[in-house]
Each structure stands twice: as structure tokens, then as C-alpha cells.
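Results of the structural survey
One letter stands for each residue in the lines below.
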Number of protein chains: 2
Amino acid sequence: MMEVKLASNYGFCFGVKRAIKIAEEHQNSSTMGPLIHNQDEINRLKNSFNVGLYSNLSDVKQNDTVIIRTHGIPKNDLKNLKALDAKIINATCPFVTTPQQIVKKMSSEGYSILIFGDAEHPEVKGVQSYGEDQEDVHIVLEVADLEKITFKNNKIATVAQTTRKKEKYLEIVNALILKNKEVRVFNTICDATFENQDSARELSKEADVMIVIGGKNSSNTKQLHSICLENCPDSYLIENENELKDAWFLNKKLCGVTAGASTPDWIIKQVIDKIKSVN
Amino acid sequence: MMEVKLASNYGFCFGVKRAIKIAEEHQNSSTMGPLIHNQDEINRLKNSFNVGLYSNLSDVKQNDTVIIRTHGIPKNDLKNLKALDAKIINATCPFVTTPQQIVKKMSSEGYSILIFGDAEHPEVKGVQSYGEDQEDVHIVLEVADLEKITFKNNKIATVAQTTRKKEKYLEIVNALILKNKEVRVFNTICDATFENQDSARELSKEADVMIVIGGKNSSNTKQLHSICLENCPDSYLIENENELKDAWFLNKKLCGVTAGASTPDWIIKQVIDKIKSVN
């Protein structure tokens, strides 16, 4: 009989688990933007806890209960929410609150700010907003981006988007150290994404079929799938148990299972149950 | 006729030039330890300006004029000198005063201190002495040395001995960033040593004989010599013009000249004059 083995790290990170628990504890509230990139989970929160969804700040009415999602929101959006007399439930991941507070403190102490991350990502926009001098908050993804930047000070404080790669952060920070008197490096990268990847890599080396559960548009799920394919050619990306095909498991001994960072445990459980029932 | 060309950077750095000028301006004073690693220059200062030399703090008498050399001295030695009512002339290189003050300030703000450098070097001993909690001031030369260290805080401030290599400093700093929440990196490395090396490398590529002037025990002079040998097999290390040999210059077109960081200009001039007079 085929064995089914779950990766030692998979699915939701600490911040997402925490945010969902907060949402479950606040029935009849609404989240500012989708809480996670998983429509099934958003439907579940709506159906079981009447947790709704705002697309815009202008949707919020007085006395509404508003949940701020893990990414956080820009400082001014928070201020506007407060001005509306909305009840604010802050589910910003503590690992995201940290760089926000660092940027606030460092810019008030006269440091130029460098953020390593994607300028279009909500988390980065939120962190950026905490700089006191917005003209001296700079966002880069590559060492080459540094060339376009003129810092106002020769002391620089740096933070990173929580999901970025440490190696790339070091490259950028090293370039800064070589050209500036003081670089104050805050390691704000969260290990969760990489722990999921390491576990998937390890498991895919022993498994003869790998099932990766997650959104087909989710970048971290696609990355997990590509890591598994490197070691196990029979690796499949599915969004739920309905996509499973019996043929995948024919003559297989060990089926590995992992899941992207936005995949709830109950979907993972349904997939595993279905695999076990058939094989 | 053979051309003689001096490297674009050679000999004394800014701090040493400044210290010698200070010594010349303070006749009848004495330096705490030799001002530079060059006995001829120390003799010249003695003969022309009556600048003497203490080997020990205990040599100093009340009302003596004491010159502190470029490396600086430990905080307590300075305190003891002041207690003796000696007149203190501080010729500590400003590039060395900087890491001393950084260590003082950072340790008072609760940072663990890491110094990249040689624990036996007077400069490093001086910088180290400015840490408020001496048990939390750590000195390393290699990444591997970090394993033996337990920092008291998870925020660390780092400085480097001024003459160290930047690449190595980055290696050490990167290892710290990966394991600590905050690393405050101060780039205290001075470019002078490397400018001399770069210039020697460049010149030795075009020269067909290279003369390197400096102490045979001086590590920076030996390094210059070895860089020159890589590009020009006819590279010679001498301490003064008496060591020159006519045969070295036979049928040569371009003679390059460089000098270690402790070689005074007047010795360089004597060497060049002798080369020119013979060839």
C-alpha cells in the first residue's frame, strides 16, 4: 500500500494562521482586502463567521469592524480608518510590524532608509509609509537599482520585505557598506517561506510522486512545484482534491504532499483523505 | 636612457604624514612607542627635532610632552598619562579615533561590539579599550572565529581595523546579519594601503624592473613586493639606496618605484637619485 507523507513544513505561516484566528474571533467584521490569496478560505470565513471584504477604504462605514490583514496597510490609510470611527482589529503580522516600526524610528533619527523588496507589494507600501521623509525612503530589488539612488545621509538603515531571499539582501547591503560610513542592517526576513521550500526539497528526493496544493497563480506555490520537479518528475500542482488523477499513483510507493503558504489545512486534509481512499 | 617612474600612490598615508608633522612641531617631546616602523626616520626626528621615545608608560615624568602615535593607545593608558600631569599631544590618526568613539558610543547604547582585526595590534587594543563592557567586546580575524563568541545582545555594532581588507569584513558581517536581528556596520577601513597596492600592481605591469623600498620585516612592504613580483619578475625589495645593484638595470627601459607605508619621502628620493645617477 502506498504511503502518504506530509512535508515537515507546509502551508500557512505563523502570521496567516494568526490572522485567520483573529478573523474567526470577530464575527460580522470585514477585512480590508482579501485576508489570504485563497477564495475557498475567504468563502469559509464568510459562510461560517460572516467575515466580509472591503475592496476600498471608501467602503468602510462608521462603527464597522475592520480587520487589517497580515501585509499591513499604509500609515495614512490607518489614520483615515481611525478618523471614520471604525473599530480596528489589527491582524498585521508581527514580522511586518517590526520593519514598519524600524523605518519610523530610523527615519526620525536621521537615517536614509533602504527597503529591499517589491515596491508594488502591499507589505512594502505599508513599510515605506512609515518613513518620515518619503523622499529619503528608497526601494530596490537588485544591486543595480542602487545606482539610481541618491541618499540624503551617509548613514543608512535597511529592512527587507519578509518573504525575500537573504542572499540577495546581503548583496545589496554589501554594496551599501562599501560606499557608506554606517549601514544599520535589520534582518527582517521571515524564514517561513524557505522552511516550506527546504522541506519540499527534502521530501521530493525520497517520494516517487509529489502533490503540491495551492493556487495556480500563487508565486510561492509555483516555486514549490518547480523545486519538487527538480527531484521528482512526477510532481503535480493542484488546487483541490477534485483535480487528483488515479493514474498518478499507479505503482507508487511514497506520495509526498506539500502546500503553498495560502493553502488552508482543511483543503490539505481533503486532498490527503482522497489520495488515501483511492490508493 | 632608462626612465624612472614613481607609483601614483606610495609610502606614508595621511595619518603618518600628519603624525610626523606634529612631531616636528613639538621639539623636545617624546613619542609613546615608535612613531613609525622606520628607524632612519626615528633617528632623523631625534637628531633634527630632539623627539625622543618612551618604551613604557613608567618612563614618563611630570610635565613631559608626550606624543601619542597614529595607532592610538588604550583608554586607561591615556587616563594614567593625564594623571601624571604630562602634556599630551594626540597624533592618533583621525581614522583610528573614529572606531574608538564608535565603540564607546555603541557599547553605551547596549550593543555587543565586534572588532574585525588583530587582537595583538596596538590599534585594535586601543579601539577595544573603549568598550564599556569589556566582556562584550569581541575581536575576530576570520568568520570561523565567530563560532566561539557569545554576544550578550542580539544587536551588534561592528568596526574594522583600518588596514584590513573590505572583502573579509563583508564576509564576517554577512555571517552576523544572518544570525542577528540588527547589525550596525561601520565602515572604518582606510583606503590608503589598498591604493598603494593598486598603484604598485598597475606600475609593475608596464615596468621591466621594480624597486620596492621599505622595511624587510614590514608586512605591507612585503605585500607590495609580492604584488610586483606577480607582474614583473625583476622586482627587488630594498631598505635604502646602498642595496641597489647596477646589474638590475642592465638593458631595462622602465624602472618602477614604490614604497611601503613606513618609508619616508627623503629615503625614496635618495633611492631615485641613485638609480638615475647610475643609469
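Quick caveat: nothing in here was measured; it's all calculated off a predicted structure.

1. Let's talk about the interface of chain B and chain A
- In this assembly, 15 residues from chain B lie in contact with 15 residues from chain A.
- The junction of chain B with chain A conceals about 1,500 Å² of combined surface from both sides, 54% of it contributed by carbon and sulfur atoms.
- Linking chain B with chain A are two salt bridges.
- The salt bridge involving Glu182 of chain A is made with Arg184 of chain B; its shortest N-O contact spans 2.6 Å.
- Looking at the side of chain B that touches chain A, the element that brings in the most residues is helix α6 (residues 166–179) of chain B, giving six residues.
- Its residues assigned to classes, the side of chain B that touches chain A shows eight nonpolar, three polar and four charged.

2. A closer look at the relation of the copies chain B and chain A
- For these two chains of identical sequence, chain B goes onto chain A by a turn of 180° and a shift of 0.0 Å along the axis, with RMSD 0.1 Å. Both copies are brought into coincidence by an operation consistent with a two-fold rotation axis. Closest approach to the rotation axis within chain B is made by the C-alpha atom of Arg184 of chain B, at a distance of 2.1 Å.

3. A word on the UniProt feature "binding site: [4Fe-4S] cluster" (unreviewed entry) in chain A
Residues and elements named next belong to chain A.
- According to UniProt, the "binding site: [4Fe-4S] cluster" (unreviewed entry) feature falls on Cys13, Cys93 and Cys190. A maximum C-alpha distance of 10.7 Å among these annotated residues, which run over 178 residues, shows that they cluster at one spot.
- The topology assignment puts Cys93 in the loop between β5 (87–90) and α4 (94–108).
- In this structure Cys93 comes out as buried when scored by relative accessible area, which is 8%.
- Tracing the backbone through its elements, the reader meets Cys190 in the loop between β9 (182–186) and α7 (192–206).
- By relative accessible area, which is 18% here, Cys190 ends up buried.

Thresholds applied
- Residues numbered from 1 in each chain as written.
- Chains lettered and ligands numbered in written order.
- Predicted model: local features only at pLDDT ≥ 70, side-chain atom pairs only at ≥ 80, totals over all residues.
- Heavy atoms only, no water.
- Contact = heavy atoms within 4.5 Å.
- Buried area = accessible area lost by both parts, 1.4 Å probe.
- Salt bridge = Lys/Arg side-chain N within 4 Å of Asp/Glu carboxyl O.
- Helix = DSSP H or I, 4+ residues; strand = E, 2+ residues; numbered from the N terminus.
- Nonpolar A, V, L, I, M, F, W, Y, C, P; charged D, E, K, R; others polar.
- Least-squares fit on C-alpha atoms with pLDDT ≥ 70 in both.
- UniProt positions renumbered as here; feature names shortened; annotations may be inferred.
- Buried < 20%, exposed > 50% of the residue type's maximum accessible area, 1.4 Å probe, protein only.

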